[in-house]
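Secondary and tertiary structure notes
Residues per chain, in single letters:
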Amino acid sequence: MSVLVQSEPGWVLDSRDQVCTICIRWKDGQRSHVQCRLKGQWFQMCRSHEAAAVAPTGHVGGLQEANKPAKKRKRKHSELNQGEIDSQIFHEKIRSVVAEGTKFLLDSSRSLGYLNGATDTVKEPLPVQECRLAALCEMAKELPLVDDEEQEHVQSLVTEGGCTSHVDLFSRVTENRTDGAAVVTLMGEEYVIPPHASFLLSDFTRIQPLVHYGRKFDLIVMDPPWENKSVKRSRRYSSLPSTQLKRLPIPLLASPNCLVVTWVTNRPSHLRFVREELYPHWGLEVVAQWLWVKVTTSGQFVFPLDSPHKKPYEVLVLGRYRPSAGHSTSSSETSEVPVEDSRLIVSVPSALHSQKPSLSEVLKRYVGADASCLELFARCLQPGWTSWGNEVLKFQHTSYFTMTPADDPADISKEEDKPTVTL
């Protein structure tokens, strides 16, 4: 996603600007060219969820709310529990920031013809391909561990002759070392791999190759699989107890002043854990708290702003890694760009469960264009980034892309870059 609008309240990300690139496709040792575009219908949320609460008639913060009250859920108890009270307090604290900032950003977007309700006419069902990556990671844990000194921790994605069949995805960091994207067959399935992307397919027990990769990162973004009732009911993925996150070797992966960004659910206990326990454990200083505001293609909140059950926003906690006093730093390492607090990121969310917007363009100014970037618990890849997770290739599967033959890349016209409007 590219940045469409940038102003004091935050940014609007253009979900129409999907990945479109010419890929070298390796299949059975043969090389060809294809044009790959991430399917746009994942970002066609046209109507807000008339959620579980009664939404007041009219506008909130300049955004149209549901005119008809939705049915309330019957509560077993009339009194709120402590978690619900904490959520209400947090919501009241940030409500005006969300309402007023989002209105300003949406007005700016509409002046450019965006978020006016226009949708893609192409309609396709969501992929039914079952992601088996996590299960394969479990199976790989049965393989014997190789001594760190004897183990090669990095490998090229494509070997000589275009072979990918012998690539060890579970105990080595795999790199696409070329300037172009590639479509390759891995474990019997085809995946789109962006240029200069690196990845490790593993869970906590096999994260050591990432530590021994030999790189320190200037930006680390993570979207942990937080425990909650919805995840348990849906069984879409395995959740992780909060305390287990402390096992992540952030101090071994972060460069001095590394910016660490964590997606947090709206559960107050998770937010407190990150700010007061997890970040201090890693030696991180909390520097800002941002909000991702989810809207429809016509600019409505995806849920009523004051819904007591689901909110149209999620939280990001940003921190800087502060090494121990004994760690020597160069002058270049000590310089950093201050991160503003209470910024908003506004975008149309993906229909794919738990897929977050890319933050690479938004965070570039705080870490530099040449920063070394890492995503943890990733489910897709980004050009130039290193990614880790037990489903790290999930959304790179070709079923999420439209692929058309491209015999000669020079004959395919590239879309002009859309300018970012700074207000």
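Structural data are supplied above this passage.
Heads up: these notes are all about the structure in this document. (Residues numbered from 1 in each chain as written. Predicted model: local features only at pLDDT ≥ 70, side-chain atom pairs only at ≥ 80, totals over all residues. Heavy atoms only, no water.)

**Observations regarding the pattern of salt bridges**
Taken as a whole, this structure holds 17 salt bridges when the rule is applied. Between Asp 86 and Arg 272 there is a salt bridge; the shortest N-O distance is 3.4 Å. Placement of Asp 86 in helix H1 (residues 82-110) and of Arg 272 in helix H6 (residues 268-282) is noted, with a sequence separation of 186 residues between them. Residue Arg 110 pairs with Asp 107 through a salt bridge whose shortest N-O separation is 4.0 Å. Taken together, the residues span about one helical turn, with Arg 110 and Asp 107 both in helix H1 at a distance of three residues. Of the residues examined, Asp 107 reaches a relative accessible area of 37% and is grouped as partly exposed. (Salt bridge = Lys/Arg side-chain N within 4 Å of Asp/Glu carboxyl O. Helix = DSSP H or I, 4+ residues; strand = E, 2+ residues; numbered from the N terminus. Buried < 20%, exposed > 50% of the residue type's maximum accessible area, 1.4 Å probe, protein only.)

**Some points on the pairing of strand E2 (residues 10-14)**
Of all five residues that make up E2, five are buried, and the element is covered over most of its length. Hairpin remark: strand E1 (residues 2-7) followed by E2, antiparallel, with two residues in the connecting loop. Inspection of the sheet shows E2 paired to strand E16 (residues 344-347) by three bridges, in the parallel sense. In the strand pairing of E16, Gly 10 is matched with Leu 344. (Pairing = 2+ DSSP bridges.)

**Focus on the packing of aromatic side chains**
With the rule as written, the count across this model stands at eight aromatic pairs. Between Phe 204 and Phe 377, the ring centres sit 6.2 Å apart and the planes meet at 75°, which makes this aromatic pair edge-to-face. You can see Phe 204 sitting in the loop between strand E11 (198-201) and helix H3 (208-211) and its partner Phe 377 sitting in the loop between strand E17 (373-376) and strand E18 (386-389), a full 173 residues away along the chain. In this structure, Phe 204 and Phe 377 share a single accessibility class: buried. Ring geometry for Tyr 279 versus Trp 282: centroids 6.3 Å apart, planes at 35°, classification tilted. Placement of both Tyr 279 and Trp 282 in helix H6 is noted, with a separation of three residues, approximately one turn of the helix. The burial state of Tyr 279 is the same as that of Trp 282; both residues are buried. Of the aromatic side chains, those joined through ring pairs into one cluster are Trp 11, Trp 290 and Tyr 366. Over the ring of Phe 204 we find Arg 247, and its NZ or CZ is 4.8 Å from the ring centre. (Phe/Tyr/Trp six-rings, centres within 6.5 Å; stacked < 30°, edge-to-face > 60°. Lys NZ or Arg CZ within 6 Å of the ring centre and 35° of its normal.)

**Focus: the nonpolar core**
For soluble globular proteins, the rule of thumb is that nonpolar side chains tend to be buried together. Counting 54 residues, the largest nonpolar core has Leu 210, Ile 220, Met 222, Leu 248, Ile 250, Leu 376 and Phe 377 as the members making the most contacts within it. Apart from the residues lying within four places of it in its own chain, the contact partners of Phe 377 are Phe 204, Met 222, Asp 223, Pro 224, Pro 225, Leu 240, Leu 245, Leu 248, Trp 388 and Gly 389. (Core = buried A, V, L, I, M, F, W, Y, C linked by side-chain atoms within 4.5 Å. Contact = heavy atoms within 4.5 Å.)

**What about H6?**
A rise of 1.5 Å per residue sets the reference length of H6, with its 15 residues, at 21 Å; its end C-alpha atoms lie 20 Å apart and thus fit the reference within 8%. Those residues of H6 that sit buried are Pro 268, His 270, Leu 271, Phe 273, Val 274, Leu 278, Tyr 279 and Trp 282. Of the surrounding elements, those touching the buried residues of H6 are H1, strand E12 (217-222), helix H5 (250-253), strand E13 (254-264), strand E14 (284-294) and strand E15 (313-321). Just beyond H6, the residue with positive phi is Gly 283, at close to 80°. (Expected span 1.5 Å × (residues − 1).)

**Here's the deal with a nonpolar patch on the surface**
Together, Leu 80, Ile 85 and Ile 89 give the surface a local cluster of nonpolar side chains, amounting to about 240 Å² of exposed area. Take Leu 80: it is sitting in the loop between strand E6 (63-64) and H1. (Patch = residues over 30% accessible without salt bridge, like charges linked within 9 Å, V, L, I, M, F, W, Y side chains within 5 Å. Areas by Shrake-Rupley, 256 points an atom, 1.4 Å probe, with all protein chains shown as cover.)

**A closer look at unusual backbone geometry**
Although it is not a glycine, Asn 257 sits at a positive phi angle of roughly 70°. Non-glycine residue Ser 342 carries a positive phi angle of around 60°. Here Ser 342 is to be found in the loop between helix H7 (331-334) and E16. The exposure class of Ser 342 is partly exposed, given its relative accessible area of 40%.

**Details of helix H8 (residues 360-367)**
When we look at burial in H8, the residues that qualify are Val 362, Leu 363, Tyr 366 and Val 367. For H8, the angular spread of the buried residues around the axis is 115°, confining them to a single face. A positive backbone phi angle near 95° is found at Gly 368, which sits one or two residues after H8. (Arc of directions from axis to C-beta.)

**Structural notes on the packing of H1 against H6**
It is the contact of H1 with H6, at a shortest axis distance of 9 Å, that shows an interaxial angle of 70°. If you check the angle between H1 and H6, you find them roughly perpendicular. Note on element contacts: H6 touches H1 through Pro 268, Leu 271 and Arg 272, opposite Gly 83, Asp 86, Ser 87 and Phe 90. Looking at side-chain class alone, the contact of H1 with H6 contains three nonpolar, two polar and two charged residues. (Axes fitted to C-alpha atoms, helices over the stretch in contact; angles between N-to-C directions. Parallel < 35°, antiparallel > 145°, perpendicular 65-115°, else oblique. Nonpolar A, V, L, I, M, F, W, Y, C, P; charged D, E, K, R; others polar.)

**A look at the state of the cysteines**
Counted by the stated rule, this structure contains zero disulfides. Here Cys 36 is not cross-linked by a disulfide; its sulfur's nearest cysteine counterpart is in Cys 23, at 3.3 Å. (Disulfide = S-S within 2.5 Å.)

That's the geometry; what it means functionally is another story.
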